[in-house]
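For reference, the chains in residue letters:
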Amino acid sequence: QVQVVEEGGGLVQNGGSLRLSCSVSGLTFSRKPMGWFRRAPGKERELVAAVSWNGVSTYYPDPMKGRFTISKDDAESTVYLQMDNLKPEDTALYYCNAGGVYSTSFYSPSDSWGQGTQVTVSS
């Protein structure tokens, strides 16, 4: 059974930074792509970042480019999301997804989700 646990959310001021972490067990982490999503109140879930199985390739939707950085640590079975220059519109519940389908232009999630971690950016 795959387990996905996110940590690192919190309250930050406009322009601030946060680093989210996601620990994964129950799958061969080093061979799996990973993704981060978010869901803001009243909005649909959206992809914010994805990384290839080997960590070499990453994908970000345009609003996140230059502000968000995803990375994998295979030794720790952990994927990180560094978020800089945060804006109030980044306020959302952030979810980690393990083992989806990755390409350089999309990430299709698997059924393996964490419970989410709340990020709130004050203006």
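Please read these numbers as outputs of a predicted model, since none were measured by experiment. (Residues numbered from 1 in each chain as written. Predicted model: local features only at pLDDT ≥ 70, side-chain atom pairs only at ≥ 80, totals over all residues. Heavy atoms only, no water.)

1. A closer look at the overall build of the chain
Move 1: A tally of regular secondary structure across the chain gives zero helices and 12 strands.
Move 2: Mapped from its N terminus to its C terminus, the chain presents α and β elements in the order β-β-β-β-β-β-β-β-β-β-β-β.
Move 3: The C-alpha radius of gyration computed for the chain amounts to 13 Å, which stays within 12% of the reference 14 Å derived for 123 residues, consistent with globular compactness.
Move 4: With the principal axes as the frame, the chain shows a C-alpha extent of 40 × 25 × 25 Å.
Move 5: Each of the 123 residues in the chain was classed as buried or not, and the buried ones make up 44%.
Move 6: Put simply, the chain shows about 6,300 Å² of open surface, and 44% of that area lies on carbon and sulfur atoms.
Move 7: Side chains of the chain give 11 positive and 12 negative charges; the mean places of these two sets differ by 4 Å. (Helix = DSSP H or I, 4+ residues; strand = E, 2+ residues; numbered from the N terminus. Rg over C-alpha atoms; globule rule 2.2 N^0.38 Å. Buried < 20%, exposed > 50% of the residue type's maximum accessible area, 1.4 Å probe, protein only. Areas by Shrake-Rupley, 256 points an atom, 1.4 Å probe, with all protein chains shown as cover. Lys, Arg positive; Asp, Glu negative; His and termini not counted. Charge placed at Lys NZ, Arg CZ, Asp CG, Glu CD.)

2. Brief notes about the side chain of Arg 38
Move 1: Topologically, Arg 38 is positioned in strand 4 (residues 34-39).
Move 2: A polar side-chain atom of Arg 38 sits 2.8 Å from a polar atom in the side chain of Asp 90.
Move 3: Among the polar contacts listed, one links the side chain of Arg 38 to the side chain of Tyr 94, at a separation of 2.9 Å.
Move 4: The residues touching Arg 38, leaving out its near neighbours within four places in the chain, are Glu 44, Arg 45, Glu 46, Val 48, Met 64, Phe 68, Glu 89, Asp 90, Ala 92, Leu 93 and Tyr 94. (Polar contact = N/O pair within 3.5 Å; in protein donor to acceptor, adjacent residues only side chain to side chain. Contact = heavy atoms within 4.5 Å.)

3. Brief notes about the state of the cysteines
Move 1: Summed over all chains, the structure comprises one disulfide.
Move 2: Paired through a disulfide, Cys 22 and Cys 96 show a sulfur-sulfur distance of 2.1 Å. Classification of the bridge connecting Cys 22 and Cys 96 rests on its S-S torsion, roughly -85°, and on that basis the disulfide is left-handed. Taken together, the residues Cys 22 in strand 3 (residues 18-25) and Cys 96 in strand 9 (residues 92-98) connect sequence positions 74 residues apart. Residue Cys 22 shares its accessibility class with Cys 96, and that shared class is buried. (Disulfide = S-S within 2.5 Å.)

4. What to know about the sheet that holds strand 5 (residues 46-51)
Move 1: With mixed pairing, the six strands of this open sheet are ordered in space as 2-12-9-4-5-6. Sheet topology places strand 2 (10-13) and strand 6 (58-59) at the edges, where each strand pairs with a single neighbour.
Move 2: As paired elements, strand 2 and strand 12 (residues 117-122) share four bridges and run parallel to each other. Looking across to strand 12, one finds that Gln 13 is bridged to Ser 122. (Pairing = 2+ DSSP bridges.)

5. Quick look at the sheet that holds strand 8 (residues 78-83)
Move 1: The four strands lie next to each other as 1-3-8-7, forming an open sheet whose pairing is antiparallel. The open sheet has two edge strands with one neighbour each: strand 1 (3-7) and strand 7 (68-73). Across this sheet, the average inter-strand angle for adjacent strands is 15°, counted without regard to direction.
Move 2: In terms of strand pairing, strand 7 meets strand 8 through six bridges, oriented antiparallel. Each bridged residue has a counterpart across the sheet, and for Ile 70 the counterpart in strand 8 is Leu 81. (Axes fitted to C-alpha atoms, helices over the stretch in contact; angles between N-to-C directions.)

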